[in-house]
Amino acid sequence: MTDAAELRRRTRALLDAHPPAATDRRDFLRSRFDAGLAWVHYPQGLGGLGAPRSLQAVVDAELAAAGAPDNDPRRIGIGLGMAAPTILQYGTDEQRRRLLRPLWTGEEVWCQLFSEPGAGSDLAALGTRAVREGADWIVNGQKVWTSSAHLARWAILIARTDPDVPKHRGITYFVCDMTDPGVEVRPLRQITGEAEFNEVFLTDVRIPDSRRLGAIGDGWRVAQTTLNNERVAIGGTPVPREGGMIGKVAATWRERPELRTHDLHQRLLGLWVEAEVARLTGVRLRQQLAAGQPGPEGAGMKLGFARLNQEISGLEVELLGEEGLLYDDWTLRRPELVDFTGRDAGYRYLRSKGNSIEGGTSEVLLNIVAERVLGLPAEPRTDKDVAWKDLAR
């Protein structure tokens, strides 16, 4: 059985064989994956050792102390937090072997082709069609709000394969090669001035059936694995005490006493406590996650993350007064990651508005918490037994 001592031994052996200062970054990451130290709870041969998830911290601490490079997780968060656990659970052996290693090392970036112009909050109403043609599927449709599509090699994609059954039952889950003919990515300029998101148009895109994840028509169940992991990835990311956005406001408070008022002090204290509660709740959630797959509790974490970010960024703008109205750069850029703490208060205020939309709107997540966590009666749904083709659109 792999324990903490054994993981330390394996990590030190990796460092001895591949000294970080003398090893190419990508080569080091590949060697770490092959040694089973990428995500220790994954199976052997797929970047892990079948060890408890909680022991990943042992490996990470040893590597950080040695100055070893990481895989830049903010840049490849969709692959790590959403695609990888779905591929692990539903992928074939061949798919896992081909896709997981370059995903983890960051050699291949992933994006998520779920939301559509007419199917955002009601994702199961999606209309992108996939029609079987021999050993392939021909896909046509449009996806929207796709983070990192301009960088991605692969996408996780859900499409409608049977319009004659109710909307949740006629969906199939695929892996789409973003370099294939018929895939067009267009930038979506946001309120921040950046084009972090994209529209993706799919025109007669040919996807081999070998890139299907799960059974035909079972895509909604597969997608739930992705969505549950997405919410944990967004709302449950580990941060130190006074880390993230609350740390930026607290630092300004300490450094700029001339900005302080009694009212702002009371609000800052309240938000600091809430941020700390959220951080500790995230620790507990990750401990629960170590024992199994994420459940609907991630929806609560993501809800709190969105609300706190918006309230904290609003407080920061008020604290800074006229300075808070300034904005550093409206240039249209296509960034590789979202950097909340590396930009100014204006950026944080504007970008946080998207936190209550991305990863499931706050309204949808409130329903999930009510129905699946608290056990409250479900909202009436008139379309559960209606074929998708007969729904009003």
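Residues numbered from 1 in each chain as written. Predicted model: local features only at pLDDT ≥ 70, side-chain atom pairs only at ≥ 80, totals over all residues. Heavy atoms only, no water.

**Student:** Give a description of the overall build of the protein chain that names residues and reports values.
**Tutor:** Looking only at helices and strands, the protein chain features 11 helices and 8 strands. On C-alpha atoms alone, the protein chain measures out to a radius of gyration of 22 Å, which is about the 21 Å that the 2.2 N^0.38 rule sets for 393 residues. Each principal axis of the C-alpha atoms in the protein chain carries an extent, and together these give about 70 × 55 × 45 Å. Classification of the 393 residues of the protein chain by burial places 51% in the buried group. If you take every contact in the protein chain between residues at least 6 apart in sequence, the share linking residues at least 24 apart comes to 71%. (Helix = DSSP H or I, 4+ residues; strand = E, 2+ residues; numbered from the N terminus. Rg over C-alpha atoms; globule rule 2.2 N^0.38 Å. Buried < 20%, exposed > 50% of the residue type's maximum accessible area, 1.4 Å probe, protein only. Contact = heavy atoms within 4.5 Å.)

**Student:** Now, about the pattern of salt bridges: what can you tell me, with residues and values included?
**Tutor:** A full pass over the atoms with the stated rule returns 42 salt bridges. One salt bridge in this structure joins E196 and R351, with 2.8 Å as the shortest N-O distance. With E196 in the loop between β6 (183-188) and β7 (197-208) and R351 in helix α10 (residues 345-351), this residue pair connects regions lying 155 residues apart in the sequence. For the pair E196 and R351, a shared accessibility class is recorded, and that class is buried. Residue E242 pairs with R254 through a salt bridge whose shortest N-O separation is 2.7 Å. On the criterion of sequence distance, the pair formed by E242 in the loop between α6 (219-235) and α7 (244-255) and R254 in helix α7 is long-range, its members being 12 residues apart. By relative accessible area, which is 26% here, E242 ends up partly exposed. By relative accessible area, which is 53% here, R254 ends up exposed. Linked through salt bridges whose partners overlap, the residues forming this network are E194, D328, D329, R333 and R343. (Salt bridge = Lys/Arg side-chain N within 4 Å of Asp/Glu carboxyl O.)

**Student:** Tell me about the packing of helix α1 (residues 4-17) against helix α3 (residues 56-65), and please be specific about residues and values.
**Tutor:** Two numbers describe how α1 lies on α3: the axes approach to 9 Å, and their chain directions differ by 35 degrees. Considering only the axes of α1 and α3, their crossing is right-handed. Contacts from A4, L7, R8, T11, R12, L14 and L15 in α1 reach V58, V59, E62 and L63 in α3. (Axes fitted to C-alpha atoms, helices over the stretch in contact; angles between N-to-C directions. Left-handed = near helix turned anticlockwise from the far one by under 90°.)

**Student:** Would you mind going over the side chain of T86 in detail, with residue names and values included?
**Tutor:** Along the chain, the position of T86 falls in helix α4 (residues 77-90). For T86, a relative accessible area of 0% puts it in the buried group. Those residues in contact with T86, other than ones at most four positions away along the chain, are G91, Y173, L213, V222, T225 and T226.

**Student:** Account for the pairing of strand β2 (residues 129-133), naming residues and giving values.
**Tutor:** Where β2 lies against strand β3 (residues 136-143), 5 bridges are found, and the strand directions are antiparallel. Bridging across to β3, V131 finds its partner in I138. Here β2 folds back onto β3, and the loop between the two strands holds 2 residues, one of which, G134, carries a positive phi near 65 degrees. (Pairing = 2+ DSSP bridges.)

**Student:** Give me the state of the cysteines: which residues, what numbers.
**Tutor:** Inspection of the entire model under this criterion finds 0 disulfides. Free cysteine C111: the closest other cysteine sulfur is in C176, separated by 7.8 Å. Look at C111 and you get buried, because its relative accessible area is 0%. Assessed through its relative accessible area of 0%, C176 is described here as buried. (Disulfide = S-S within 2.5 Å.)

**Student:** Tell me about a nonpolar patch on the surface, and name the residues and values.
**Tutor:** Taken together, the side chains of V373, L374 and L376 define a hydrophobic patch exposed on the protein surface, amounting to about 280 Å² of accessible area. Counting through the fold element by element, L374 comes out in the segment after α11 (362-373). (Patch = residues over 30% accessible without salt bridge, like charges linked within 9 Å, V, L, I, M, F, W, Y side chains within 5 Å. Areas by Shrake-Rupley, 256 points an atom, 1.4 Å probe, with all protein chains shown as cover.)

**Student:** Explain the packing of aromatic side chains residue by residue, including any values.
**Tutor:** Summed over the entire model, instances satisfying the criterion amount to 8 aromatic pairs. Aromatic pair W39 and Y42: ring centres 4.2 Å apart, planes at 25 degrees, arrangement stacked. Their ring planes at 85 degrees and their centres at 6.0 Å tell us that W145 and F197 sit as a pair that is edge-to-face. Of the two residues, W145 is situated in the loop between β3 and β4 (154-160) and F197 in strand β7; the sequence distance between them amounts to 52 residues. A residue is classified by how much of its surface remains accessible, and F197, at 10% relative accessible area, is buried. Note that R343 overlies the ring of Y347, its terminal NZ or CZ placed 4.1 Å from the centroid. (Phe/Tyr/Trp six-rings, centres within 6.5 Å; stacked < 30°, edge-to-face > 60°. Lys NZ or Arg CZ within 6 Å of the ring centre and 35° of its normal.)

**Student:** Before we move on, can you summarise unusual backbone geometry with the specific residues and values?
**Tutor:** Glycine aside, residues mostly have negative phi angles, and peptide bonds mostly take the trans form. Positive phi outside glycine occurs at S148, with the angle close to 65 degrees. You can call S148 buried: its relative accessible area is 11%. Although it is not a glycine, E242 sits at a positive phi angle of roughly 60 degrees.

**Student:** How would you sum up α11? Please name residues and give values.
**Tutor:** Every buried residue of α11 is listed here: S362, L365, I368, V369 and A370. Two residues or fewer past α11, G375 is found with a positive phi of approximately 75 degrees.

**Student:** Got a sec to walk through the nonpolar core? Specific residues and values, please.
**Tutor:** Generally speaking, soluble globular proteins have nonpolar side chains that are buried together. Core analysis: the biggest nonpolar cluster contains 53 residues, and W39, W110 and M178 have the highest contact counts within it. With 7 residues, α4 is the single largest residue contributor to this core. Once residues within four sequence positions are removed from consideration, W110 is found in contact with I78, G79, A83, I87, L99, L103, S148, A152, W154, A155, I156 and V175. (Core = buried A, V, L, I, M, F, W, Y, C linked by side-chain atoms within 4.5 Å.)

**Student:** A description of the environment of P163 should follow, citing residues and the corresponding values.
**Tutor:** With respect to the helices and strands, P163 occurs in the loop between β4 and β5 (171-177). The exposure class of P163 is buried, given its relative accessible area of 16%. Taking the C-alpha atoms as reference, P163 lies 6.6 Å from A387; in sequence the two are 224 residues apart. Beyond its immediate sequence surroundings of up to four residues, P163 is in contact with R129, A387, W388 and K389.

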